[in-house]
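# Inside the fold
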Amino acid sequence: MEEDTDMLTDLLTGWTAETLGGLTVLTAAAIWGWFRRRRAACPGAAIAPAAALPVRTYTLLGVRAADGQPVHLPSSRPAGTRVAWRGLAGEKVDFELTDAVLADGTYAAERMGRYRRA
């Protein structure tokens, strides 16, 4: 009879350990999945470095600052984008960003409306 009790105790002890181990793994997987879904729902929370756009410095052609220096505009927008800039007197001037590299290493931003379109 003692043998039967020992076998039953071994069976229950083994079953309990396996069940608790399985529940622990299942709980850990559920928590990991929850965190992963939550992180995917907030795309701005973690931005990959490869996804960051390069910042270019554009020189606004035909525009000078109050001290006579050319006006520079940092932007991560691609070439062909039109941007508005407020001049010294408050007037709005539109520029188009280009891929043209100037001698100082900046990119050119051409003034819109300066040249007539054919």
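Structure: above.
What comes next concerns the included structure. Values in this document were obtained by computation on a predicted structure and should not be read as measured data.

### A closer look at the overall build of the protein
- Helix and strand counts for the protein come out as one helix and five strands.
- Listing the helices and strands of the protein from first to last along the sequence gives α-β-β-β-β-β.
- Sorting the 118 residues of the protein into buried and exposed places 14% on the buried side.
- Of the contacts made within the protein by residues no fewer than 6 positions apart, 27% connect residues no fewer than 24 positions apart.

### So, a nonpolar patch on the surface
- A cluster of nonpolar side chains, namely Leu20, Leu23 and Leu26, defines an oily patch on the protein surface of about 310 Å² accessible area.
- Structurally, Leu20 is set in helix H1 (residues 2–41).
- Given a relative accessible area of 52%, Leu20 falls into the exposed group.

### Description of the packing of aromatic side chains
- Counted by the stated rule, this structure contains one aromatic pair.
- On the numbers, 5.8 Å between centres and 50 degrees between planes, the contact of Tyr58 with Tyr107 is tilted. Taken together, the positions of Tyr58 in strand E1 (residues 56–64) and Tyr107 in strand E5 (residues 107–111) put the pair 49 residues apart, joining distant regions of the chain.
- Above the plane of the ring of Tyr107 lies Arg56, whose end atom (NZ or CZ) is 4.1 Å from the centre.

Reading the values: rules and limits
Residues numbered from 1 in each chain as written. Predicted model: local features only at pLDDT ≥ 70, side-chain atom pairs only at ≥ 80, totals over all residues. Heavy atoms only, no water. Helix = DSSP H or I, 4+ residues; strand = E, 2+ residues; numbered from the N terminus. Buried < 20%, exposed > 50% of the residue type's maximum accessible area, 1.4 Å probe, protein only. Contact = heavy atoms within 4.5 Å. Patch = residues over 30% accessible without salt bridge, like charges linked within 9 Å, V, L, I, M, F, W, Y side chains within 5 Å. Areas by Shrake-Rupley, 256 points an atom, 1.4 Å probe, with all protein chains shown as cover. Salt bridge = Lys/Arg side-chain N within 4 Å of Asp/Glu carboxyl O. Phe/Tyr/Trp six-rings, centres within 6.5 Å; stacked < 30°, edge-to-face > 60°. Lys NZ or Arg CZ within 6 Å of the ring centre and 35° of its normal.

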